[in-house]
Amino acid sequence: MIKADYHNGEREMHEKDRIIEVFDTTLRDGEQTPGISFTGEQKRTIARQLDRLGVDIIEAGTPITSKEEKEVVQHICDEGLSAKICGLARVLPKDIDACIDCSVDMVHIFVPSSAIQREHTTRMSEEEVKERAYEMTRYVKEHGCICMFSAMDATRTGLDYLIELYKTAEEAGADILNVPDTVGVSEPFSMFKLVEAIHRAVKVPLSIHCHNDFGLAVANSLAAVKAGASEVQVAVNGLGERAGNADLVETVMGLNSIYGLKTNIKTGYLFETAKLIERFSGVQIPITKPIVGENAFSHESGIHAHGVLKRSDTFEPGIMTPEMVGHRRRIVLGKHTGRHSIEKKLSEIGMLPSKEELDEILERVKELGASGKRVTDDDLFTITEVVTGEVSRHERMVTLKELSVMTGNNLIPTASLKAMVRGKECTSAQMGVGPVDAALKAIQEIIGGEIGGGIELKDFRIEAISGGSDALAEVTVGVEKGGRIITARGVREDIVMASVEAFINAVNRLMQG
Ligand code: KIV
Ligand code: ZN
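Residues numbered from 1 in each chain as written. Chains lettered and ligands numbered in written order. Predicted model: local features only at pLDDT ≥ 70, side-chain atom pairs only at ≥ 80, totals over all residues. Heavy atoms only, no water.

## Digging into the overall build of the chain
Along its length, the chain carries 17 helices and 16 strands. C-alpha extents for the chain along the principal axes are approximately 85 × 55 × 45 Å. The buried share among the 513 residues of the chain stands at 52%. Long-range contacts, defined as pairs at least 24 residues apart, comprise 65% of the intrachain contacts of the chain with a sequence gap of at least 6. About 22600 Å² of surface is accessible on the chain, with carbon and sulfur atoms providing 51% of the total. (Helix = DSSP H or I, 4+ residues; strand = E, 2+ residues; numbered from the N terminus. Buried < 20%, exposed > 50% of the residue type's maximum accessible area, 1.4 Å probe, protein only. Contact = heavy atoms within 4.5 Å. Areas by Shrake-Rupley, 256 points an atom, 1.4 Å probe, with all protein chains shown as cover.)

## Re the side chain of Thr-157
With respect to the helices and strands, the residue Thr-157 is situated in the loop between strand E5 (146-152) and helix H6 (159-171). Under the relative-accessibility criterion, Thr-157 is labelled buried at 10%. Of note is the side chain of Thr-157, whose polar atom sits 2.9 Å from the backbone oxygen of Asp-153. The contact partners of Thr-157, leaving out residues within four places of it in the chain, are Ser-113, Ser-114, Met-152 and Leu-162. (Polar contact = N/O pair within 3.5 Å; in protein donor to acceptor, adjacent residues only side chain to side chain.)

## With respect to the coordination of the zinc ion (ligand 2)
Ligation of the zinc ion (ligand 2) by protein atoms is provided by Asp-29 (OD), His-209 (NE2) and His-211 (NE2), these donors lying 2.0 to 2.1 Å from the ion. Counting along the primary sequence, the residues that act as donors to the zinc ion (ligand 2) give the motif D-x179-H-x1-H. Grouping residues by exposure puts His-209 and His-211 together as buried. (Donors = N, O, S within 2.8 Å, 3.2 Å for Na, K, Ca; no water.)

## Digging into the sheet that holds strand E13 (residues 424-431)
Reading across from one edge, E11-E12-E13 is the order of the three strands in this open sheet, with antiparallel pairing throughout. Strands with a single pairing partner mark the edges of an open sheet, and in this sheet they are strand E11 (398-406) and E13. Across this sheet, the average inter-strand angle for adjacent strands is 15°, counted without regard to direction. Relative to E13, strand E12 (residues 414-421) runs antiparallel, the two being bridged by eight bridges. (Pairing = 2+ DSSP bridges. Axes fitted to C-alpha atoms, helices over the stretch in contact; angles between N-to-C directions.)

## Here we look at the site of ligand 1
Every residue lining ligand 1 is accounted for by Arg-28, Asp-29, His-108, Phe-110, Ser-150, Met-152, Asn-178, Pro-180, Thr-182, His-209 and His-211. A distance of 3.1 Å separates an oxygen atom of ligand 1 from a polar atom in the side chain of Asp-29. Contact between ligand 1 and His-211: an oxygen atom at 3.0 Å from a side-chain N or O atom of the residue. Expressed as a share of its isolated accessible area of 260 Å², the protein-covered part of ligand 1 is 95%. Only strand E4 (106-112), E5 and strand E6 (176-181) provide two or more residues apiece to the shell around ligand 1. Looking at side-chain class alone, the shell around ligand 1 contains three nonpolar, six polar and two charged residues. (Near = heavy atom within 4 Å. Nonpolar A, V, L, I, M, F, W, Y, C, P; charged D, E, K, R; others polar.)

## Observations regarding H6
The end-to-end C-alpha separation of H6 is 18 Å, in line with the 18 Å expected for 13 residues at 1.5 Å each. When we look at burial in H6, the residues that qualify are Tyr-161, Leu-162, Ile-163, Leu-165, Tyr-166, Thr-168 and Ala-169. Packing partners of the buried residues in H6 comprise helix H5 (126-142), E5, E6 and helix H7 (188-201). One or two steps after H6, the chain reaches Gly-173, where phi turns positive at roughly 110°. (Expected span 1.5 Å × (residues − 1).)

## Observations concerning the domain arrangement of the chain
Domain boundaries assigned for the chain yield domain 1 (15-265), domain 2 (298-388) and domain 3 (398-510). Once you take the C-alpha centre of each, domain 1 and domain 3 turn out to be 43 Å apart. (Domains from an automatic or database assignment.)

## Some points on unusual backbone geometry
We note that Ser-103 has phi near 65°; this positive angle belongs to a residue other than glycine. Along the chain, the position of Ser-103 falls in the loop between helix H3 (93-101) and E4. Of note, the phi angle at Asn-237 is positive, near 60°, even though the residue is not glycine. What makes Asn-237 buried here is its relative accessible area of 13%.

## Digging into a nonpolar patch on the surface
A contiguous nonpolar surface patch, about 220 Å² in accessible area, is contributed by Phe-460, Ile-462 and Ile-495. Counting through the fold element by element, Ile-495 comes out in helix H17 (residues 495-512). Since its relative accessible area comes to 35%, Ile-495 is described here as partly exposed. (Patch = residues over 30% accessible without salt bridge, like charges linked within 9 Å, V, L, I, M, F, W, Y side chains within 5 Å. Salt bridge = Lys/Arg side-chain N within 4 Å of Asp/Glu carboxyl O.)

## Brief notes about the sheet that holds E5
The eight strands lie next to each other as E1-E2-E3-E4-E5-E6-E7-E8, forming a closed barrel whose pairing is parallel. The average angle at which neighbouring strand axes cross in this sheet is 25°, direction not considered. Pairing geometry for strand E1 (residues 21-24) and strand E2 (residues 57-61), over two bridges, is parallel. Considered in E2, the bridge of Phe-23 is made with Ile-57. Strands in contact with H6 are E5 and E6; relative to E5, the strand with the most contacts, it is inclined by about 165°. Docked against the sheet, helix H8 (residues 217-226) engages E6, strand E7 (206-210) and strand E8 (231-234), running at close to 165° with respect to E7.

## Focus: the nonpolar core
In terms of nonpolar packing, the biggest core is built from 90 residues, with Ile-109, Phe-149, Tyr-166 and Leu-248 touching the most fellow members. When residues no more than four places from it in sequence are discounted, the contact partners of Phe-149 are Ile-109, Val-111, Ala-133, Thr-137, Leu-165, Tyr-166, Ala-169, Ala-174, Ile-176, Leu-177 and Asn-178. Among the nonpolar cores identified, the runner-up in size contains 46 residues, and Ile-383, Cys-426, Val-496 and Val-507 belong to it. (Core = buried A, V, L, I, M, F, W, Y, C linked by side-chain atoms within 4.5 Å.)

Printed below as a string of structure tokens:
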């Protein structure tokens, strides 16, 4: 494996052999997202997941900020991960010492370089910035760490001075120079020119750190790589200050599938990594988010679904598939649905309506979709049973008998649940992070015990149908077994009941096929 070597400054590689390093800053810049704070345990779990994913460097935090932050960075360093661990520091010995105390592999030092930031934040002259950059780079190197130097707000810094500053850090022994687009004002053409100019002026590898204020962070990062940068700084789900950082998944897949460049990322883990960060950060992934959003590989309209059922690259990029990123393709039902989608879903459970019946089913599915409702698989099967007059040949395998939940400010939410499974009465009591979680864990335990494992809750969505505290809660779930997903709905005034109902409806349909 060819890797950019920090220590001999060797970076000239043939384009086809270039391995672009992935520097993940989810735990540092990502945690600077307003309103986000990971627990120490979550940070360690994230670090392990990033390592499993194959990121080259994990920026674990800024140890000087607090005792707790320092402890977490230290713990991450002690995990024995393959990724290098980096700590962030201002150009101050005490910040760098805090990183070194944690035993980081790399110290990332930064100093504002643009006139606006120098004049209004640090009040340092250009000369002072250069001196400090030189001294602190030396300081890091004397302590035996890899040194990354960042000229903060590089994209708003005069080019001649910026190059002088980077050369100064290089002369002092910096192993890698980072070019931050701190306030996200660059665009791909200017980014290309800037990185190209810096790349010509220095010998050490360049890293790129883009913010997403104009939605261009990923495009700018790709342009920087095209211009010679050998490392991208990214955050999972694009977390970070303000509009965030370049998204890890999009940047990696852009490099991989559009540029044909290699990274050390095991792309099959991208989806699960995005989901983990969604859960820990509480920031929901939009359904339209590229690559990991619920709709990224979903098809509804008749023409698209028909095409994709025949050959997936008719209406997907082809150079990137759901399998490559650990996601899955879905044919969803709605007002644009065509007959091929319906025929396919019905044939999977052995339902073969006549042509006239199919026309009627299609009409009703489209009507339901047009009313603004999500059309689940369970809806389709119910419509089909009504239209064909053929009530399911299978009994409902699971029925709910009793459910009670306890929750409160001094209680761990607990659910007790009784259900009939294949005629046998089963009970379970479970705790969860909330009453819905506890109740779903209880029903999953019963089903796992009676029907067998491998049934997994994949999607869960709650919507209030009407306003007010007595609103009807509509819960839609996706439940998977052996790669097949069935969607179903539950509608109740009680959110816990609606959730369990939706889950049971999906399981019953899944067992029908
Ligand atoms: O956006 C930025 O400039 C930063 C630096 C610390 C690199 O996050
Ligand atoms: Zn940043």
